[in-house]
Amino acid sequence: MPVGESSAKPSPRPSASQVLVVTSVMFTFISYWRTAAIVLCDLASTAYYIGGIVESQIGKAAPWFILAVMVMSYAVCTVYIESCAMFVRGGVYRIVKEAMGRQMAGLAVSALLFDFILTGPISGVTAGQYIMGLLNDLLNLGPESPIIVHQDLWSSLIAIAITVYFWRVNTKGIHESSDQALKIMGATTVMAVVLITWCLATIAVDPSKRALPSPAPDFSKKVDFEGKPVLDPFGRQVDPLGFLGHTKVAEELRPEAIKGNWWSLIGVFGLVVAFGHSVLAMSGEETLAQVYREVESPKLKNFKKAALIVFLYSLLLTSLISFFAVMIIPDDVRMSQYSGNLIGGLAMNVIGPQWARLGLNALVVLVGFLILSGAVNTAIIGSNGILNRVSEDGVLPDWFLKPHPKFGTTSRLINLVVILQIITILLSQGHVLTLGEAYAFGVIWSFVFMSLSMLILRFKRPGPRDFEVPLNIKVGNVHVPIGMTIIFLILAMSAMANLVTKEIATVSGVIFTAAFFAVFQVSEYLRKKREGEAGHEHLEQFNSGEADKISSAALGLALPYRKLVAIRSPYNLSMLQKCLDETDPETTDVVVMTANVLPKGSDDYQPGITEYDRQLLTAVVNLAESAGKSVKPLIVPTNEPLFALAQTAKTIGAQELIMGMSNKFNPEDQLDQIALYWLNICGAKPEPLTIRVLGHDKDVRLDIAGGSRIPKPGAAAPEVAQLMADLRRSWHGVERLLLAYDGSPLSSDFLDTVMSFIDPAIHVTLFYVTENENGVDGEVEGRRIVERGVERARELGRRVQFKQANGEAGEEIVREAVEGKFDAIFMSLRGVYRRGDTSAFASNTRYVLENAPCRVILGFAPKSIPAPAPSHADA
């Protein structure tokens, strides 16, 4: 029998064939440390290869330009922070689409994919180069050794093995991979401290290694230490000016012509070219945007923390390593032996005995292998995130978004990314400098598209933002984004310089970008032909598991507090929004339940997620991602939704049950029905439960058996919180209480009860109203009554304030509640009580219920029972 067929007695619990526990790819959130670790595995890993790549192009000035790029990285980072504050599922594709349309977004993301697809191979191959370099140093192998002769091949095989490993890790899920990243960055930090300290000691002991390199870039055609030309993979001499190599511009930028005149027009262009050669040092910024949707609450605050950690860490590590390498490693071996494993060469040239330097080199290689492997992981995460955005927009078929049947991840997109990375490794034949030369194309052009789009959105979508890139000047009603404009111009000039000077990057990047863009266009065309010209509506793909019964284990509930939220429409989730806003994810699980309503007496139910369920749960996913808090979705077929809701709350041990406003029933009737079901289910001894009906501007609640108080974000940890019994004896959300007091036995009992069970921190004001017709005698008698109440409070060890007024009691109580900003009014119940029916109340009580600005607590509490009042009604 379906859940809740009878309202007179509890129905059997849902069976395995009825209850669907819904899982999705996006219900786990990570801390800012894990977020920073994922990004750093890409951004900080460049320290292992960036020095050699940049020096191979602009000479010993490389560290200065790497430092400039790392400083610039935080400016670019602020652009990403602003974009993510606007769109949870942001990144280059979403931002460019909002600013310049789908065609430009497809072009931008095609270039960005080139960056991410190359990140994995260059990191994996570099890891292999470090291992081969260590073997060479340990075994002192000759140049004819098979390991040395085929070093690039062995590096390729190692890179493929790393890629396959992280393919499996990411198939399991992001939390698994973020845990790996955090461990890798811990090991990297230890290595960095040891290496930097050792380098500083070397410089202190050896004066010859204290000279800083010249900041002037060298644009001459590259030769090795013996004067022989350095050739690229195509057999041509390496020329940092690329397509400009045979032009007049190149002649003026060569060392023999420039002669230090860097502030001329041609010299400034040369500095931009050098900056462009170094810009791949900040590859990884886009990963911030891709991981933003997984950042836990408070989302933006934690994201900014992660961004600052990433900047400081990469600035210190990458910049210092680059300077130390040029200062400490001799010129005759730095590029000839260690261009692919520069930090390994640094370890072998610091002070100390050979065995100690070999030990340091082994540590460098071990940690380098870990962080470079982590960059492979990050590349898979980033590529998967980008392709998710494209698929969600209907550019790629929904087939790619189908979750893995066991892990819930978009494994089909992950498979596509890994296949492309392995093909890239095989095509590069393990040559790091070739990969690095091509790598810069996607990095710089993705930044250009992003910064230009954010600049356009400042004017296209004006108004306040949660975060803005600094340096904004207000001219009239227009905020001129000076900071954003400067960032865009620097990036655009660097991109244009790269386009005309980096031949391999330009040719390979344009081919790759054009190919992906063509795939996107054809795929979108076929979708429109199949579905029509109507706009594509993205719906999440979900897995559903049939549980033996509704239980904490089936839903994965492990936290001490639980809330159950009933939802019906994807267009009315304000109750869930409010619930998430006030929920502490460290202490409270949120279960979201929707009911598939069956006709009375019907048990004809086919398990599965309908299209409407997908629409509803997609809206839930978006809310959860925006808040950075997890929810547990549940679909329950039933003949009686309210009974199923109460039964589910009882089964999972919920302390709070939340509903939205009904179009058919007023909030009091909703509370009545749920309360009756709850009492029916619990029997003679009902368990504590707080039932709330939430609207845009209403919060009507009923506390059964004292209700339950659940800690809000920022509250004390569960281990230092009060016991549940103590929590129930407190009043949730009340700091100032107005007690309507008239000196009668009933109000005296109220006074004793209030003083006995409420939190001493609550401020209580006794309020007595003298009827106008009683005159002076009435005022005197009222003062005596209030004084007796104050004295009684003192006997109970409590201090209270008191006030006295003249007029109609109901009107005066409401006026005082408004002026004093009270959180609750406690007054006596007169007449026969029926929630939602105030006709039987005394006129003053009815007036307060209908006009009070805060909670009104009605009850009859004998003073011999120091327990919460049996019913709390909100007006």
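Residues numbered from 1 in each chain as written. Predicted model: local features only at pLDDT ≥ 70, side-chain atom pairs only at ≥ 80, totals over all residues. Heavy atoms only, no water.

Asker: Which parts of the structure should I look at to understand the overall build of the protein chain?
Answerer: If you tally the helices and strands in the protein chain, you get 30 helices and 16 strands. Put simply, 78% of the contacts in the protein chain that link residues at least 6 apart link residues at least 24 apart. Within the structure as shown, the protein chain displays about 35900 Å² of accessible surface, and the carbon and sulfur contribution to it stands at 59%. (Helix = DSSP H or I, 4+ residues; strand = E, 2+ residues; numbered from the N terminus. Contact = heavy atoms within 4.5 Å. Areas by Shrake-Rupley, 256 points an atom, 1.4 Å probe, with all protein chains shown as cover.)

Asker: So what exactly am I meant to see when it comes to the pattern of salt bridges here?
Answerer: Should their charged atoms come close, side chains of opposite charge can pair. For the structure shown, the criterion picks out 22 salt bridges. A salt bridge links Lys 650 to Glu 687; the shortest N-O distance between them is 3.4 Å. Of the two residues, Lys 650 is situated in helix 24 (residues 641-652) and Glu 687 in the loop between helix 25 (667-682) and strand 9 (689-694); the sequence distance between them amounts to 37 residues. Classification of Lys 650 as partly exposed rests on a relative accessible area of 24%. Owing to a relative accessible area of 36%, Glu 687 belongs among the partly exposed residues under this scheme. Note that Arg 815 and Glu 819 form a salt bridge whose closest N and O atoms lie 2.9 Å from each other. Taken together, the positions of Arg 815 and Glu 819, both in helix 29 (residues 809-820) and 4 residues apart, correspond to about one turn of that helix. (Salt bridge = Lys/Arg side-chain N within 4 Å of Asp/Glu carboxyl O. Buried < 20%, exposed > 50% of the residue type's maximum accessible area, 1.4 Å probe, protein only.)

Asker: Which parts of the structure should I look at to understand unusual backbone geometry?
Answerer: Only a minority of non-glycine residues have a phi that is not negative, and only a minority of peptide bonds are not trans. In this model, Ser 297 is joined to Pro 298 through a cis peptide bond whose omega is -5 degrees. For Pro 298, the location among the structural elements is in the loop between helix 12 (285-291) and helix 13 (299-328). The phi torsion at Lys 259 lies on the positive side, around 45 degrees, for a residue other than glycine. Summarising the element assignment, Lys 259 is placed in the loop between helix 10 (255-258) and helix 11 (265-278). Positive phi, normally seen in glycine, also occurs at Lys 821, with a value near 55 degrees.

Asker: Any chance you could explain the packing of aromatic side chains here in plain terms?
Answerer: Ring pairs (aromatic) are described by centroid distance and by the angle formed between their planes. Summed over the entire model, instances satisfying the criterion amount to 14 aromatic pairs. Considering the side-chain rings of Tyr 48 and Tyr 130, the 5.0 Å spacing of their centres and the 65 degrees angle between planes classify their relative orientation as edge-to-face. Placement of the pair is Tyr 48 in the loop between helix 1 (32-43) and helix 2 (50-58) and Tyr 130 in helix 5 (residues 102-139), with a sequence separation of 82 residues. Tyr 130 shares its class with Tyr 48; the two are buried. Judged by centre distance (5.5 Å) and plane angle (55 degrees), the rings of Phe 516 and Phe 520 are tilted. You can see Phe 516 and its partner Phe 520 sitting in helix 20 (residues 503-531), 4 residues apart, about one turn around the helix. Both residues of the pair, Phe 516 and Phe 520, belong to the buried class. Following the ring pairs from residue to residue traces out a cluster consisting of Phe 114, Phe 441, Phe 512, Phe 516 and Phe 520. Here the guanidinium or amino end of Lys 299 rests over the ring plane of Tyr 292, the centre of that ring lying 5.3 Å away. (Phe/Tyr/Trp six-rings, centres within 6.5 Å; stacked < 30°, edge-to-face > 60°. Lys NZ or Arg CZ within 6 Å of the ring centre and 35° of its normal.)

Asker: Would you mind showing me how to read the packing of helix 29 against helix 30 (residues 843-851) here?
Answerer: Helix-helix packing is described using two parameters, namely the angle between the two axes and the distance between the axes. Where helix 29 meets helix 30, the closest approach of the two axes is 7 Å, and the angle between their N-to-C directions is 30 degrees. What the angle tells us is that helix 29 and helix 30 run roughly parallel. You can see that helix 29 and helix 30 cross each other, and the crossing is right-handed. Across the interface between the two elements, Ala 809, Gly 810, Glu 811, Ile 813 and Val 814 from helix 29 touch Asn 844, Tyr 847, Val 848 and Asn 851 from helix 30. Taken together, the residues that form the contact of helix 29 with helix 30 break down as 5 nonpolar, 3 polar and 1 charged. (Axes fitted to C-alpha atoms, helices over the stretch in contact; angles between N-to-C directions. Parallel < 35°, antiparallel > 145°, perpendicular 65-115°, else oblique. Left-handed = near helix turned anticlockwise from the far one by under 90°. Nonpolar A, V, L, I, M, F, W, Y, C, P; charged D, E, K, R; others polar.)

Asker: Sorry if this is basic, but what is going on with the side chain of Glu 582 here?
Answerer: Mapped onto the elements of the fold, Glu 582 is located in the loop between helix 22 (574-581) and strand 6 (588-597). A polar contact of 2.3 Å, which involves the side chain of Glu 582, links it to the side chain of Arg 692. (Polar contact = N/O pair within 3.5 Å; in protein donor to acceptor, adjacent residues only side chain to side chain.)

Asker: Where do I start with helix 2 in this structure?
Answerer: For an α-helix, 3.6 residues make a turn, and residues three or four places apart therefore share a direction. With 9 of 9 residues buried, helix 2 lies mostly within the body of the structure. Among all positions of helix 2, only Ile 50, Gly 51, Gly 52, Ile 53, Val 54, Glu 55, Ser 56, Gln 57 and Ile 58 are buried. Just downstream of helix 2 lies Gly 59, where phi reads positive at about 80 degrees.

Asker: Help me out: how do you make sense of a nonpolar patch on the surface in this one?
Answerer: Side chains of Leu 471, Ile 473, Val 475, Ile 482 and Ile 486 sit close together on the surface and give an oily, nonpolar patch of about 430 Å² of accessible area. Those elements giving two or more residues to the nonpolar patch turn out to be strand 2 (472-475) and helix 19 (482-501). When you line up the elements, Leu 471 lands in the loop between helix 18 (432-460) and strand 2. (Patch = residues over 30% accessible without salt bridge, like charges linked within 9 Å, V, L, I, M, F, W, Y side chains within 5 Å.)

Asker: Honestly, the nonpolar core in this entry has me stumped. Any pointers?
Answerer: Buried together is how nonpolar side chains tend to be arranged in soluble globular proteins. Grouped together as the largest cluster of nonpolar side chains are 163 residues, with contacts concentrated most on Tyr 48, Leu 195, Met 282, Val 364, Leu 491 and Phe 520. Here Met 282 is in contact with Leu 43, Val 69, Met 72, Ser 73, Val 76, Phe 447 and Leu 491, once residues within four sequence places are set aside. In terms of nonpolar packing, the next biggest core, distinct from the first, is built from 32 residues, Met 593, Phe 643, Ala 654 and Ile 704 among them. (Core = buried A, V, L, I, M, F, W, Y, C linked by side-chain atoms within 4.5 Å.)

Asker: Any chance you could explain the pairing of strand 2 here in plain terms?
Answerer: Along any regular strand, the residues point their side chains to alternate faces of the sheet. Across 4 bridges, the pairing between strand 2 and strand 3 (residues 478-481) is antiparallel. Considered in strand 3, the bridge of Lys 474 is made with His 479. (Pairing = 2+ DSSP bridges.)

Asker: How should I be thinking about the environment of Thr 119 in this particular structure?
Answerer: Within the secondary structure, Thr 119 is located in helix 5. Between the C-alpha atom of Thr 119 and that of Leu 372, which follows or precedes it by 253 residues, the distance is 9.6 Å. Leaving out residues up to four positions away in the same chain, Thr 119 has contacts with Asp 42, Ser 283, Ala 375, Ala 379 and Tyr 439. Of the polar contacts made by the side chain of Thr 119, one reaches the backbone oxygen of Asp 115; its length is 2.9 Å.

Asker: Whenever I open this one, the side chain of Arg 458 confuses me. Can you help?
Answerer: Relative to the assigned elements, Arg 458 resides in helix 18. For Arg 458, a relative accessible area of 8% gives the class buried.

Asker: Would you mind showing me how to read helix 25 here?
Answerer: Here helix 25 is 16 residues long and its end C-alpha atoms lie 22 Å apart, about the 22 Å a rise of 1.5 Å per residue gives. Inspection of helix 25 places Pro 667, Gln 670, Leu 671, Asp 672, Ile 674, Ala 675, Tyr 677, Trp 678, Ile 681 and Cys 682 among the buried residues, and these make up the whole buried set. Summarising the contacts, the buried residues of helix 25 are in contact with helix 24, strand 8 (656-660), strand 9 and strand 10 (699-704). Gly 683 occupies a position one or two residues after helix 25 and carries a positive phi of about 85 degrees. (Expected span 1.5 Å × (residues − 1).)

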